[in-house]
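Residue-level structural notes
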Amino acid sequence: MKKALKAIRLSIVPALLLALMFTAPITNTKPAAAVAQGLPSVIRIGYFANITHAPALIAAQQNLWQQALPGVTIEPFIFSSGSAAVEALKGGALDVSYIGPNPAIAGYNTTDGTLLRIVSGATSGGAQFITNKSIQTVDDLGGKNFASPGLGGTQDVALKFFLHERGLTPNVDVTVTPTENATTLQLFQQGQIDGAWAPEPWASRLVLEGNGKVFVDEADLWSNKSFATTNLVATTAFLTRYPAAVKAIVATNLQAIDLIKNDPVLAKTLVQAEILKQSGKQLSDAVIERAWLNLQFTADPLATSLATNAKQAEAVGLLKLGAGGLKSIFDLRILNELLQSKNLPLVSAASNGKQ
């Protein structure tokens, strides 16, 4: 078991060498026209081939980005972890990305608030602590081995904080190993790990394909069962230079969320198609139906839950906020302008409601 976990740790190499997979760009037909409109000739957009990134998967499948930005070349990049996406943002390889709250916080904090801004919400919910069925109570967790999708990621923080709050020190009393989701499923099926705190659809796959049990549904740990899972971020430099491009991308995010609400059957079909395109495999109907029930799709970035994420990361030693805290991490002006144009309620950097 120790050799297997060591191999997993050694496999976590620099983000852009392993976790980044490039998807062929959509052809730019009128670059001069785009530049004349104050748009860039190329936009690099990151997202995961996961249900928690459904608005991005739908935008990619329906070609929404290209429709909203004619003449601009869209270069999509697929990631398997938020930390990898943040490294790409830092390295100038991405302009916009769908990522979880804790990687966004880390990217913001480690650059003294200069790297990125959260410009919209995307997804809430959809994370569970799945264990083997022999684990019945908290007392059974000691000495066990669990996985999280990535060091410092949203589920990694959630698992470590859960253990910390119950008097268990991560990697002292309980082993927590950052592991790519597909590998987590394999290790769980083989009995080499005892469970994982996983996002959808992996939580559902651990239950349905790994014969696991829900030890904790993360929604039950939040007072209103609502917490940010995926937000849309833009680099500060890109947002400052190309606000019209960011507005178009935020508008496509709203369009995808509307489709999910109005036609969930089509939405699930599109999500399945994009997952198949990017991973070569389609989810079973049972997995996608179970996972879908655990998710909400919202343009509200759920700011209060993000502040809680930061406090939890600090409590387990994964974050030390700078003097400015997170006071400038949100820039919701474009989102609220679009919501106002649709006569929809505005969102606030201090709100925790649902859109």
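This text goes with the structure placed above it.
**Here's the deal with the overall build of the protein chain**
- Check the secondary structure of the protein chain and you find 16 helices and 12 strands.
- Here the protein chain holds 355 residues, and 56% of them are scored as buried.
- Counting only contacts in the protein chain whose residues sit at least 6 apart along the sequence, the fraction spanning at least 24 positions is 79%.
- With an accessible surface of roughly 14700 Å², the protein chain has 53% of that area assigned to carbon and sulfur atoms.

**Some details on empty space enclosed by the protein**
- Tallying each qualifying case throughout the model produces 1 cavity of 30 Å³ or more.
- Of the pockets and cavities examined, the largest cavity occupies roughly 220 Å³.
- Lining the largest cavity we find 21 residues, and of these F48, G82, P149, T154 and Q155 sit closest to its centre.
- For the lining of the largest cavity, the element with the most residues is helix 8 (residues 154-165), which contributes 3 residues.
- By residue class, the composition of the lining of the largest cavity is 5 nonpolar, 15 polar and 1 charged.

**A few points about the nonpolar core**
- Judged by nonpolar contacts, the single largest core of 79 residues is most densely connected at I43, I51, W65, L69, W292 and I329.
- Among the elements that take part in this core, helix 12 (residues 243-262) stands out by supplying 10 residues, more than any other.
- Discounting residues that sit within four places of it in the chain, W65 has contacts with I45, Y47, A56, A59, A60, I74, Y98, I249 and T252.
- Judged by nonpolar contacts, the second largest core, of 18 residues, contains L159, F162, V176 and W197.

**Digging into the sheet that holds strand 10 (residues 213-217)**
- In spatial order, the strands read 8-7-9-6-10; together these 5 strands make up an open sheet with mixed pairing. Each edge of the sheet is formed by a strand with only one pairing partner; in this case those strands are strand 8 (175-178) and strand 10. When the angles between neighbouring strand axes are averaged without regard to direction, this sheet yields 25 degrees.
- One ladder, built from 2 bridges, connects strand 7 (residues 145-148) with strand 9 (residues 195-199); its direction is parallel. When the bridges of strand 9 are listed, F146 appears paired with G195.
- Against the sheet, helix 8 makes contact with strand 6 (127-131), strand 7, strand 8, strand 9 and strand 10, and its axis sits at roughly 135 degrees relative to strand 9, the strand it touches most.

**Focus: the packing of helix 4 (residues 54-61) against helix 13 (residues 264-279)**
- Between helix 4 and helix 13, the least distance of the axes is 8 Å, while the angle of their chain directions is 80 degrees. It follows that helix 4 is roughly perpendicular to helix 13 by the angle criterion. Side by side, helix 4 and helix 13 meet where A54, L57, I58, A60 and Q61 of the first sit next to A267, L270, V271, A273, E274, I275 and K277 of the second.
- Among the residues making up the contact of helix 4 with helix 13, the classes are represented as 9 nonpolar, 1 polar and 2 charged.

**Observations regarding the pairing of strand 4 (residues 96-99)**
- Burial of strand 4 is two-sided: the residues V96 and Y98 facing one way and the residues S97 and I99 facing the other way are all buried.
- Pairing geometry for strand 2 (residues 42-48) and strand 4, over 2 bridges, is parallel. Each bridged residue has a counterpart across the sheet, and for G46 the counterpart in strand 4 is S97.
- One ladder, built from 4 bridges, connects strand 4 with strand 11 (residues 228-235); its direction is antiparallel. Residue pairing in the sheet places Y98 in a bridge with L232 of strand 11.

**A closer look at helix 7 (residues 101-109)**
- Where burial is concerned, most of helix 7 is hidden: 8 out of the 9 residues are buried.
- P101, N102, P103, A104, I105, G107, Y108 and N109 are the residues of helix 7 that are buried.

**Description of the packing of aromatic side chains**
- Scanning all chains against the criterion turns up 10 aromatic pairs.
- Pairing F238 with Y242 gives two aromatic rings, centres 5.3 Å apart and planes at 50 degrees, and the pair type is tilted.
- Here the aromatic residues F129, F146, F162, W197 and F215 are joined through ring pairs into a cluster of three or more.

**Quick look at unusual backbone geometry**
- Following E200, the chain continues into P201 via a peptide bond in cis, with omega recorded as 10 degrees.
- With respect to the secondary-structure elements, P201 resides in the loop between strand 9 and helix 10 (202-208).
- Non-glycine residue D112 carries a positive phi angle of around 55 degrees.
- Note on placement: D112 falls in the loop between helix 7 and strand 5 (116-125).
- The backbone phi angle of N171 is positive, close to 65 degrees, even though this residue is not glycine.
- The residue N171 is located in the loop between helix 8 and strand 8 in this model.
- Assessed through its relative accessible area of 44%, N171 is described here as partly exposed.

Rules behind the numbers
Residues numbered from 1 in each chain as written. Predicted model: local features only at pLDDT ≥ 70, side-chain atom pairs only at ≥ 80, totals over all residues. Heavy atoms only, no water. Helix = DSSP H or I, 4+ residues; strand = E, 2+ residues; numbered from the N terminus. Buried < 20%, exposed > 50% of the residue type's maximum accessible area, 1.4 Å probe, protein only. Contact = heavy atoms within 4.5 Å. Areas by Shrake-Rupley, 256 points an atom, 1.4 Å probe, with all protein chains shown as cover. 1 Å grid on protein atoms, 1.4 Å probe; cavity = no way out; pocket = protein on both sides within 12 Å on 5 of 7 lines; lining within 4 Å. Points joined across faces, edges and corners; volume = space filled by probe spheres on them. Nonpolar A, V, L, I, M, F, W, Y, C, P; charged D, E, K, R; others polar. Core = buried A, V, L, I, M, F, W, Y, C linked by side-chain atoms within 4.5 Å. Pairing = 2+ DSSP bridges. Axes fitted to C-alpha atoms, helices over the stretch in contact; angles between N-to-C directions. Parallel < 35°, antiparallel > 145°, perpendicular 65-115°, else oblique. Phe/Tyr/Trp six-rings, centres within 6.5 Å; stacked < 30°, edge-to-face > 60°.

Worth remembering: the numbers are spatial, not functional.
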